[in-house]
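Okay, here's what each chain looks like letter by letter:
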Amino acid sequence: MEISLIDSLKAHDIFSELSSKDLEIIASITQKKLFQKDQVVFYEGDLPNYFYLLHSGCAKVYKVDPKGNEIVLHNFIAPTLVAEMASIENIKFPASCVALEESSFLLIKKEEFVSLLQQDPNISFHIIRSLTKKIKGVESLLNRSLIFDATTKVAHYLYNFPNSLQEKKNRIIATELHITPETLSRVVKKLKNLKILNEKRELIDKEKLEMFLEFY
């Protein structure tokens, strides 16, 4: 059974505390669109017509330098808003976005949604809270990227999400941690050898795992 747009919106923090009436209004200006792996969501230089809410899957935002080299600016894991500042400021996208796997987006009509934000302070408040939370998350990610090596990144991740290796694919976790899947596999093997993980990749010794975090 297909999940309704209202239920899809409620699954996201940005809308989770809104009333049924508010959700119905937002759902009326929203469409769900599926993107296949490697399908472009939007191009650098395009003007946004929507707010892009990544509902499932993952996507990357990237630029291409004058030599044709791709520079990945950010990897996004659902659920999250993508490139919302371009939509809010009504400016051209500063980079392109492509799906890394089959992914679905909730596309919220930009002009109607901005008008709604101007008219309804309750919705505006929740949007601001969501953006603040996102900024804090980016700051935390930046700090971890600057300080942690690959093993510490994985250890920190497992400490907070001990079932992640059973619930997510290696590629998804590697994308979240900004390391390669090969690096993640090497760290997992290392943690198995140290008897921190068992052969099923289950966390069996949290105290030993904490050794990698005690100086951070």
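Check the entry above for the structure.
Figured I'd write up the structure that's included with this text. The shown structure was predicted, so the numbers you read here are calculated from the model rather than taken from an experiment.

## Some points on the sheet that holds strand E5 (residues 70-77)
Strand pairs in the sheet, formed through backbone hydrogen bonds, run parallel or antiparallel to each other.
Consideration 1: Read from one edge of the open sheet, four strands run E2-E7-E4-E5, paired in antiparallel fashion. Of all the strands in the sheet, just strand E2 (40-42) and E5 have a single pairing partner and so form its edges. The sheet shows a mean angle of 30 degrees between the axes of neighbouring strands, taken without regard to direction.
Consideration 2: Of the pairings in the sheet, the one linking strand E4 (residues 58-64) to E5 comprises seven bridges and is antiparallel in character. When the sheet's bridge partners are listed, Cys58 is paired in E5 with Ile77.

## A few points about the packing of helix H8 (residues 170-177) against helix H9 (residues 181-193)
Consideration 1: It is at 8 Å that the axes of H8 and H9 come closest, and there the two elements cross at 100 degrees. Here H8 is positioned roughly perpendicular relative to H9, judged by the angle of their axes. Facing H8, whose interface residues are Asn170, Arg171, Ile173 and Ala174, H9 presents Pro181, Leu184 and Ser185.
Consideration 2: Along the lines of polarity and charge, the residues of the contact of H8 with H9 split into four nonpolar, two polar and one charged.

## Things to note about the side chain of Ser124
Consideration 1: Structurally, Ser124 is set in helix H5 (residues 121-147).
Consideration 2: Engagement of the side chain of Ser124 in a polar contact is seen with the backbone oxygen of Leu117, the distance being 2.4 Å.
Consideration 3: Not counting the four nearest positions on each side in its chain, Ser124 is found in contact with Leu117 and Gln118.

## Some words on the pattern of salt bridges
Consideration 1: According to the stated counting rule, one finds two salt bridges in the structure shown.
Consideration 2: Across the salt bridge formed by Glu44 and Lys63, the nearest N and O atoms sit 2.8 Å from each other. One end of the pair, Glu44, is in the loop between E2 and strand E3 (50-56); the other, Lys63, is in strand E4, with 19 residues separating them in the sequence.
Consideration 3: Of the residues examined, Glu44 reaches a relative accessible area of 39% and is grouped as partly exposed.
Consideration 4: Residue Lys63 is classed as partly exposed on the basis of its relative accessible area of 30%.
Consideration 5: With a shortest N-O distance of 3.3 Å, Glu101 and Arg171 are connected by a salt bridge. One end of the pair, Glu101, is in the loop between strand E7 (96-99) and strand E8 (103-109); the other, Arg171, is in helix H8, and 70 residues separate them in sequence.
Consideration 6: Exposure remark for Glu101: the relative accessible area of 17% places this residue in the buried category.

Cut-offs used in this document
- Residues numbered from 1 in each chain as written.
- Predicted model: local features only at pLDDT ≥ 70, side-chain atom pairs only at ≥ 80, totals over all residues.
- Heavy atoms only, no water.
- Pairing = 2+ DSSP bridges.
- Helix = DSSP H or I, 4+ residues; strand = E, 2+ residues; numbered from the N terminus.
- Axes fitted to C-alpha atoms, helices over the stretch in contact; angles between N-to-C directions.
- Parallel < 35°, antiparallel > 145°, perpendicular 65-115°, else oblique.
- Contact = heavy atoms within 4.5 Å.
- Nonpolar A, V, L, I, M, F, W, Y, C, P; charged D, E, K, R; others polar.
- Polar contact = N/O pair within 3.5 Å; in protein donor to acceptor, adjacent residues only side chain to side chain.
- Salt bridge = Lys/Arg side-chain N within 4 Å of Asp/Glu carboxyl O.
- Buried < 20%, exposed > 50% of the residue type's maximum accessible area, 1.4 Å probe, protein only.

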